[in-house]
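Coordinate inspection notes
Listed below are the residues making up each chain.
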Amino acid sequence: MLLGVNIDHVATLRNARGVGYPSPLEAALIAETYGANLITLHLREDRRHIKDADVFAIKQAIRTRLNLEMAMTEEMLANALQVMPEDVCIVPEKREEVTTEGGLEVVGQFEKVRHYVGELQRAGIRVSIFIAPDLAQIQAAYDAGARVIELHTGAYADAENHAEREHELQRIQTAAKFAADLGITVNAGHGLTIHNVAPIARIPQIVELNIGHSLIAQAVFLGLPEAIRQMKEAMYRARTTVSA
Ligand code: PXP
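Before going into details, it helps to say that this report is about the structure given with it. Bear in mind the structure is a predicted one, so any value in this text is a computation, not a measurement.

**A word on the environment of Glu32**
Following the sequence through the fold, Glu32 ends up in helix H2 (residues 24-33). Residues Glu32 and Gln205, spaced 173 residues apart in sequence, show a C-alpha to C-alpha distance of 24 Å. Leaving out residues up to four positions away in the same chain, Glu32 has contacts with Ile39, Ile62, Arg63 and Thr64. At 2.6 Å, the side chain of Glu32 forms a polar contact with the side chain of Thr64.

**Quick word on the sheet that holds strand S1 (residues 2-6)**
Ordered by their spatial adjacency, eight strands build a closed barrel running S1-S2-S3-S4-S5-S6-S7-S8, and the pairing between neighbours is parallel. Pairwise comparison of adjacent strand axes, ignoring direction, gives a mean angle of 25 degrees for this sheet. Pairing between strand S3 (residues 66-70) and strand S4 (residues 87-90): four bridges, direction parallel. Considered in S4, the bridge of Glu69 is made with Cys89. Packing of helix H11 (residues 224-240) onto the sheet brings it into contact with S1 and strand S8 (206-211), and relative to S1 it is tilted by some 150 degrees.

**Quick word on the site of the ligand**
Near the ligand you find 13 residues, and of these Glu69, Glu150, Gly191, Gly212 and His213 are the closest. A distance of 2.8 Å separates an oxygen atom of the ligand from a polar backbone atom of Gly191. For the ligand, an oxygen atom lies 2.8 Å from a polar atom in the backbone of His213. For the ligand, the accessible surface in isolation is 400 Å², of which the surrounding protein chains cover 94%. Of the residues in the shell around the ligand, the class split is three nonpolar, seven polar and three charged.

**A short note on the packing of aromatic side chains**
For the structure shown, the criterion picks out zero aromatic pairs. Lying over the aromatic face of Tyr142, Arg147 brings its terminal NZ or CZ to 3.8 Å of the ring centre.

**Points about helix H1 (residues 8-17)**
By the burial criterion, the buried members of H1 are Asp8, Val10, Ala11 and Arg14. The buried residues of H1 occupy an angular sector of 155 degrees when projected down its axis, which confines them to one face. Of the residues in H1, the exposed ones pointing more than 90 degrees away from the buried face are Ala16 and Arg17. Where the residues of H1 are buried, they touch S1, H2, strand S2 (38-42), helix H3 (52-61) and helix H10 (213-222). In the segment just after H1, Gly18 is the residue with positive phi, at about 65 degrees.

**Quick notes on unusual backbone geometry**
Here the residue pair Tyr21 and Pro22 is connected by a cis peptide bond, since its omega of -5 degrees sits within 30 degrees of zero. Here Pro22 shows up in the loop between H1 and H2. In the Ramachandran plot, Met84 falls in the positive-phi region, its phi being about 55 degrees despite a non-glycine side chain. Relative to the assigned elements, Met84 resides in the loop between helix H4 (74-83) and S4. Residue Met84 is classed as partly exposed on the basis of its relative accessible area of 31%. The phi dihedral of His190 is positive, around 110 degrees, even though this residue is not glycine. As for its placement among the helices and strands, His190 is situated in the loop between strand S7 (185-189) and helix H9 (197-201).

**Description of the pattern of salt bridges**
Side chains carrying opposite charge are able to pair once their charged atoms draw close together. Under the counting rule described, the total for this entry stands at 16 salt bridges. For Arg48, the salt bridge is made with Asp46, and the minimal N-O distance between the two is 3.0 Å. For Arg48, a relative accessible area of 28% corresponds to the partly exposed category. Residue Asp87 pairs with Arg126 through a salt bridge whose shortest N-O separation is 2.6 Å. Linking Asp87 in strand S4 with Arg126 in strand S5 (residues 126-131), this pair joins segments that are 39 residues apart in sequence. One continuous salt-bridge network, built from bridges that share partners, spans Arg65, Asp87, Arg126 and Glu208.

Cut-offs applied
Residues numbered from 1 in each chain as written. Predicted model: local features only at pLDDT ≥ 70, side-chain atom pairs only at ≥ 80, totals over all residues. Heavy atoms only, no water. Helix = DSSP H or I, 4+ residues; strand = E, 2+ residues; numbered from the N terminus. Contact = heavy atoms within 4.5 Å. Polar contact = N/O pair within 3.5 Å; in protein donor to acceptor, adjacent residues only side chain to side chain. Pairing = 2+ DSSP bridges. Axes fitted to C-alpha atoms, helices over the stretch in contact; angles between N-to-C directions. Near = heavy atom within 4 Å. Areas by Shrake-Rupley, 256 points an atom, 1.4 Å probe, with all protein chains shown as cover. Nonpolar A, V, L, I, M, F, W, Y, C, P; charged D, E, K, R; others polar. Phe/Tyr/Trp six-rings, centres within 6.5 Å; stacked < 30°, edge-to-face > 60°. Lys NZ or Arg CZ within 6 Å of the ring centre and 35° of its normal. Buried < 20%, exposed > 50% of the residue type's maximum accessible area, 1.4 Å probe, protein only. Arc of directions from axis to C-beta. Salt bridge = Lys/Arg side-chain N within 4 Å of Asp/Glu carboxyl O.

These values are about where atoms sit, not about what they do.
Have a look at this one:
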């Protein structure tokens, strides 16, 4: 199972002081050296963390692959076509949100999604859609041409009790199977931590997890190499041990 390390919040820390450190580029290179299979970043419309210059510098320097998360706007499309990341993950974006709150509404804006998926794919970029574990949305993503999705694990991560968490986990399990049966590559992410990653990592159809905030938070105490090592170990253990 692959780990995409999302380094947005290294930029959050840098921007808090308006200085040049910590460097997202340095974080990307360290993450790769210590086990990240890809580097994920989100260039938000308001540039609150990652800036345009970070994206270009990181794309030039990394040796794995860049997964650029972007909203469906013409500005972001033009930007992606200039940067040419290996992957783009299309995400919904609201200016006032603290983080990406839900999956992309594909059913309700089908033609728009199809347009953006097509433009990016024609350029040779692999396109994923960040989506709720909802079968109608997944079918629409497939019909719009997407062959990769990232299931939003936020509702699972934020569940307030065991029953709610199990319910959300089941939705993700069902969605992952449905998508894989359609021939879609299934990724997942959002809100995952060392404590809640195992049940998600155990879902056999999921091939990649994208994890940011908790990894960077752990890195404050442990350093990025150790935070990544512990996360990969938790993912690997979940895959290789029988669940209780
Ligand atoms: N995947 C996508 C598509 C996201 O938008 C985000 C947040 O930027 C993440 C994964 C990572 O979420 P978190 O920072 O909660 O680990």
